[in-house]
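This is what each chain is made of:
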Amino acid sequence: MVDIKFKFVHAADLHLDSPFYGFSAESEKIQKILRDATFVAFDNLINLCIEEDVDFLVIAGDIYDEANNNIRGQYKFYEGMKRLEQNGVKVFVSHGNHDHLGGYRATIKWPENVHFFSCEKPQEIPFYKNGTVVASIHGVSYPKRDVRENLVCDFKVTSQDTYNIAVVHTNVGGRSDYENYAPCKKEELLKKGFDYWALGHVHKHEIINPAKPVIAYPGNTQARNIKETGSKGVLLVEVEDGNTSYEFKETQYVTWIELKQSITELQSGEELIEAILKKFTKIRPQKGGVIARLYLEGRGELHYELTKKGFDKVLLELLREQEEVERDGFVWVESLILQTGLRIDKAKYLQEASIVGDFLQVAGKTLQSEEFFEKIKKSALQIYEDVNKVGRYISPPSDEELKSWLQEAEEVGLQYLLEDELDAT
Amino acid sequence: MQLKNIFIDGFGIFSNKKLDFIAGLNIVFGNNEAGKTTLLSFLRSMFFGKKGAEKYPPLSGGNHGGIIIMEDSRGEEIKIERDFSARRYIFQKANGTVVTESEFSKMIGNPTETLFNNVFCFGLDELADFKTLCDEEVSGRIYSAGLGSTKSLVSINGEIEKIMESIYKKGGRKDDREVKRIANTLQELEFKIKSLKEIPHKYNELKAELAELEEQLQNDEEKQVELKKEIAFYESLLKGWEHWLKIREYEEKLNSLEKIENFPPNGLSILESLKSQLKEVELEIEVKESSFRQIARDLESLAIDNFILENRTDIENLKDNLALFNENRQHMEQLKREFETTCSKLKDILHNLGSTWDEKKLQRADVSLQTTAEIENYRKRFEDIGWQKRTLQSTIYDLKKEKNELHEEIQKKTAEKDKLIKSLVFKGNPEEIKDTIYRMENLFESKKLVQLKNENLEQNLKILRKQFSEYESDVNNFKFFGKGVKISTALLFATIFSIPIYLLSNNVFYGILAFFSGVLFGTATVLIIEKIITNQFRKDKKEKLVRLAEIKDIIYTNEIELEKSNKELAAIDEKLGKLAGLFFQKKEFSDEEIYEVKRKLEKDISTETRISIIDDSLSHLEKRLTTKKREIKELEEKIELLKKESYSLMQKWQDYLSARGLPDELLPENMGNVIEAVKKGKDLLEDKNSLEKEIASRENSIKKYACKVSELTGREYKIPEDAEQITTEVRNLQDKLLETTELVSKKEQLLAKKQSAWQSLEKEKEKLKKINKEIRDLFILAGAENEESFLQRFEIYKKRQLFSDNLATHTANLKAISQGFEFKLYKKILSESNLTILKDKLEKLHGELRGLAKRLAENRELKGSIITRLESMCNDEKLAECLFKRNIYQEKLKNAAKKWVVHAMAKEMINLAKEKYERERQPAVLKNASRYIKLITDGKYQKIFSPYGEHVLRLENNRGKTCELSQLSRGTAEQLYMSMRYALVEEFAKRAESLPVIMDDTFVNFDEIRIKRTAQAVHELLKTNQVLFFTCHRHIVKIFKDVFQQERIHVINL
């Protein structure tokens, strides 16, 4: 193998200009920040390539969402590629399900440093450094969105004298939380004789195999919903004498964080605010910002304040007001989820021969008995049958989700049943 | 909450009416039209306002209204005051705090008026008509009694439904609920997104259009360049046309002239200049020949004296030495005088030194530095010895003086010592004395301690003895009442008893009897007291005797101790006596005598000490005296040695003098003068010799000078007579030499001038030859034979030159104009064209260019606008914004739907719970009601229940049979309703302030037994509530009185 040292960056799932999900705040300011977040992350990626003086960049699909007929995303991508061309960085791109070749494409004359892999068969492109082929980059693009066949089968190493990199958008091991596009198995990848499998599709960073070959998902460059918590970025890879070392580099502008705060020990709203702000200082980032989903949980005095007296809205407004989202280091509460309960002894009520006791028994039974659940579910999900107002925009919750809602319903019911008692206290 | 008093200001038949109530059962009795129903209405109106009050305007005067005073379970009063006509009311606590009506309502458990009228305050009408109880609200209350709340499940359902409806409701055209609003926004967004998604396709179309446009633009731009080039070509042809015509003209002219290709450049002017040069040179030659001849003549006329020239060196020497010659002459006399003076001075010195001294000896005499130093050395040594001798003598004198002083001090000290020895008392051994004093001191110390101890012991003994005697007397004197006391006490008692008895009974016998019995009693009393006290004191005495024995023991021990101490004291005194006896021959000593001995001993010791100090200083002084004596002896020896040294030095000095032939008697200190004189003599002798030499040398020099002058003048001179003449002669010779030398230099200059004149003449002649040759060469070059033909050729050549210059100028201009084009082609086209053709062509080309430029401008503008549109498409955020918003609204919709679902589920579960509750548990109300019916019917009916899903009541009898209401007699049915009401009242009392229960003759349909039992039920109800019972039946009042047995019952007669 040729022993010239070289460096490259492995990125995937940039999803440029595609919107964030599961976000319901109406603030225009924060919407603008989130809309631009994928671009900031992309700039961070380009800056990383330039600062680290890498030889090339490989992108394993989903640069933008073709479904959005996205020109802005493609154009910004083009600008990034121009910058890399000026800095002598080559780019190899495999398209994935979101940016498949069958989808819309803005007519753009790409700079010469960028190579897009075709969709017929895996292509092999040699990479020259100082007049020698130091690496061979293999890749294939999706011809359409719904690729269910195994694309990895056709990847072949032609020469063992060079460092072989495979770039492909695939679901290794058929993960259920991702669409099962171009599925393949880890064992297959291990056997193929490649040195590095640059994968895309899975948004969570994961090293599937640490060495010989390296099989890695860098994850997406910017998280776009609350499920995508934690750091987001790309892999900076360095090859010397055929040995691969890699390092995860963050690119995201905003980070999603789930924050939990119990109200059990708290007596007043001030105490709650203080406790939350204390948590904020711990998660406040140096650069960019944090989008936090704040879960209030536990049984306590404050439950009643929060649910009946509208303190939840005041709290949310207060927490948002004190943040300057235009600057680095903001923590913005995206939503406040109440999972709190009344400070009551449920066990005591359960044993009581009262309507409250019976209510608690019914609630418990609904969670446990399929029959009860189905009964409740039928009447509760009526709303989703209204196609015009609801059904065409959102789908009904899963049973699992509905069960978690049931617990909330239990608290709501309890609160009504015990309202006077609570008012008196 | 109970009713305490009411005051009716004006209501129906009542005015200014006051009633008081108790906490228990209040029976308001009155015949028909006594105002029972009016009172009932007054109470209802007071609680709930004027609704019912309108029917009862104040008929007997007073304001329409009144006051009721209530008392809550904590004993706090609350006043309700209403004025129905003025629609004023006030709820006020005893402390003056005003409460609102709703606060009051809450306090009493939020009963509605319906509820109050049906459950708390009812007459026969309400009782018999159970519809009122079947009212949704009341039935809800039955179940909510198990709810722990005053709220009904019905209202809870209502509240939840309200929330759900605020979120979503199916159908509805004018629906502006949350979900609908969100759905509308989403629909709008979808529509916008759809249209925005068209833009990308337009982008690609525009891009294609742009590419096409760019290609056309490029073609047109190329064409424009070509055209501009062609126009430039024709414009330059037109510009060069004039030049082209001139070129052709000059070409023709040149062809018509003879071809003279070469002609010397500037030939004519060169010829002219050569000719003028020729003339100049010829003139010069003439001038130079005449000047040469003149120089030759001047040379011949010069005459020079050769003798003077030959002796030139001698004459110059004489001139130089003339001053010296005269100086020598003058100096000679002075030298001779100096010489004589020196000779006479020398003679004097020799005479002074002595007859033995002549010039020769003087010359030989040694007065060198070495000799002087040696003599100085001798002098110093003599002086040194003398000084040492003097120093030593003075030291010896001092020492002898000190020796005598020491001697005197020794004698003084010896005398002092003798005097001290005589003053000693005991003359004993000092060590022995010291030891004795020490032992005496020790003994005195011991004695003092023993004496102190003795004193303490004696003191102790004194105290102890005193204590002992006190105790002893205590013990011995112990006795209580003496016989006298006993008797007098007995008598005292007797008297006290007997006198009043005697006085009261007026009977002596009684008095006596009383007296004796008094004596007996008194004696007995005293004896008993004495016995008690004696027992106590006996115990004390025993303790005191023990203590006494203890003190006695201590006294004994102390006495022995004292005796021992006294013996010790005697032993010490004996020892002291013995010690004193060592120095004084006496047997007995008093303390003072011993002290005296001790003091004398101490004095002796101090005298001994002083003697030993004097001894020390004496031995020291004697040592010093011996040292001094030794030192004096040593110094005297040293003086002897110095004397010897002085003598030997004098011997050496005399030897030194004789060795230098100097008189013996001379002392080193006188030698200085002799040496000085010899040195002077020697200097004079030297001066004399040098003067002699100088005189001879100067005479010789004068003679030589005179000889030389003679040689040159040929005359003889005598010195010093002819000295002045010699000077004159020498000056003459010098003048002559100067003159001759000038002539010689003039001749040399002329000769050089002659030579240079000759050379310059020759040069001019060469020049002439050269010029002539140049002229010939010029002709040859011009191809001419003579000057005439030369000039003709020159004219032709000049013309040709002019033509070709013009030709070249025009050609150059044309070339400049045609720059950028191929010149050959250019010329070809010119030769083939004429002016009109060219102009026409140019006009045509300009037309074409204008058309092209217009098209280009249009297309460029179009391109610009396309690019702008494309750029704005690339940076357009609208689609992203809408997509984002769509997600947000979807999330909002999810949240709203969730809220709806959660509430729907809560509602559903509450309903399920209610069903379960109704099914599985009869409400407490029914249970309580069952208890009441059982009581009232004496167990005939056991249970009231409400079947699941039906809002009706059923009754179960003691045989387990279920009866519907319709099957019951009126009385039993009323009893059932009554039971239900009591049960509800009881339930309410659990959660809020209990209200008074007011019944208006509700028992009229009950038989006597059931009335009695109902009264018992009322008694039961009193546990929680106050009861007001209105009736016009005396038997009912009686039954109540029987059942209550006057307890907690209050009858008010209206």
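Residues numbered from 1 in each chain as written. Chains lettered and ligands numbered in written order. Predicted model: local features only at pLDDT ≥ 70, side-chain atom pairs only at ≥ 80, totals over all residues. Heavy atoms only, no water.

Turning next to the interface of chain A and chain B. Often, the extent of an interface is quoted as the loss of accessible area upon association of its parts. Between chain A and chain B, the contact holds 68 residues from the first and 67 residues from the second. Among the residues of chain A in contact with chain B, A:Lys389, A:Tyr393 and A:Tyr416 are the three that bury the most area, contributing 13% of the side total. Measuring nitrogen to oxygen at the nearest pair gives 3.7 Å for the salt bridge that ties B:Glu881 to A:Arg35. Summed over the shared surface of chain A and chain B, the number is 13 residue pairs in polar contact (both at pLDDT 80 or more). (Contact = heavy atoms within 4.5 Å. Buried area = accessible area lost by both parts, 1.4 Å probe. Salt bridge = Lys/Arg side-chain N within 4 Å of Asp/Glu carboxyl O. Polar contact = N/O pair within 3.5 Å; in protein donor to acceptor, adjacent residues only side chain to side chain.)

All names here are of chain A. With domains assigned, chain A is organised as domain 1 (6-250) and domain 2 (254-424). Here the C-alpha centroids of domain 1 and domain 2 sit 39 Å apart. The interface of domain 1 with domain 2 comprises 20 residues on the first partner and 13 residues on the second. Between domain 1 and domain 2, a total of about 1300 Å² is buried, with carbon and sulfur atoms accounting for 70% of that surface. Of all residues in domain 1, Ile30, Ile33 and Ile226 bury the most surface against domain 2, accounting for 37% of the area lost on that side. For the pair domain 1 and domain 2, the interface holds one salt bridge. A salt bridge links Lys29 to Glu326; its shortest N-O distance comes to 3.3 Å. Where domain 1 meets domain 2, there are four residue pairs in polar contact (both at pLDDT 80 or more). Here the side of domain 1 that touches domain 2 is built from residues that sort into 10 nonpolar, seven polar and three charged. (Domains from an automatic or database assignment. Nonpolar A, V, L, I, M, F, W, Y, C, P; charged D, E, K, R; others polar.)

All names here are of chain A. Residues Lys212 and Pro213 are joined by a peptide bond in cis, for which omega reads -5°. Here Pro213 lies in the loop between strand S9 (206-209) and strand S10 (214-217). The residue His15 is not glycine, and still its phi comes out positive at about 45°. Tracing the chain through its elements places His15 in the loop between strand S1 (6-11) and helix H1 (28-51). Using a relative accessible area of 1% as the deciding quantity, one classes His15 as buried. (Helix = DSSP H or I, 4+ residues; strand = E, 2+ residues; numbered from the N terminus. Buried < 20%, exposed > 50% of the residue type's maximum accessible area, 1.4 Å probe, protein only.)

If you look at the biggest cluster of nonpolar residues, it comprises 81 residues, and the most contacted ones within it are B:Ile6, B:Leu25, B:Ile68, B:Phe1003 and B:Phe1040. Of the residues forming this core, the biggest block, 10 residues, is contributed by helix H26 (residues 970-991) of chain B. Among residues more than four places away in sequence, those in contact with B:Phe1003 are B:Met978, B:Tyr982, B:Ile1011, B:Thr1014, B:Val1018, B:Phe1029, B:Ile1036 and B:Phe1040. Listed in part, the 77 residues of the second largest apolar core include A:Val362, A:Trp405, A:Val412 and B:Phe884. (Core = buried A, V, L, I, M, F, W, Y, C linked by side-chain atoms within 4.5 Å.)

In this model, helix H20 (residues 723-782) of chain B (60 residues) spans 91 Å end to end at C-alpha, consistent with the 88 Å of a helix rising 1.5 Å per residue. A positive backbone phi angle near 70° is found at B:Gly783, which sits one or two residues after H20(B). (Expected span 1.5 Å × (residues − 1).)

On to the environment of A:Gln123, then. All names here are of chain A. Within the secondary structure layout, Gln123 lies in strand S5 (residues 123-129). Each C-alpha atom of the pair Gln123 and Ile137 lies 8.0 Å from the other, and the pair is 14 residues apart in sequence. Sequence-distant contacts of Gln123, that is, excluding residues within four places in its chain, are made with His115, Phe116, Phe117, Ser118, Ile137, His138 and Gly139. Within polar-contact distance, the side chain of Gln123 engages the backbone nitrogen of Ser118 at 2.9 Å.

This part is about the pattern of salt bridges. Counting across every chain of the model gives 75 salt bridges over all chains. In this structure, A:Asp154 and A:Lys121 form a salt bridge, with 3.3 Å as the shortest nitrogen-oxygen distance. Taken together, the residues A:Asp154 in the loop between strand S6 (132-139) and strand S7 (163-169) and A:Lys121 in the loop between strand S4 (114-116) and S5 connect sequence positions 33 residues apart. Close ionic contact of A:Glu324 with A:Arg327 constitutes a salt bridge, the shortest N to O distance being 3.6 Å. By relative accessible area, which is 54% here, A:Arg327 ends up exposed. Several salt bridges share partner residues, and in doing so they unite A:Asp17, A:Lys32, A:Arg35, A:Asp36, A:Arg72, B:Glu877 and B:Glu881 into one network.

Let us look at the side chain of A:Glu228. Residues and elements named next belong to chain A. One can find Glu228 in the loop between S10 and strand S11 (233-240). The charged side chain of Glu228 is buried without a salt bridge, its nearest counter-charge being Arg224 at 4.9 Å. Every residue in contact with Glu228, bar those within four places of it in the chain, is listed here: His203, Asn220, Gln222, Ala223 and Trp256. (Lys, Arg positive; Asp, Glu negative; His and termini not counted.)

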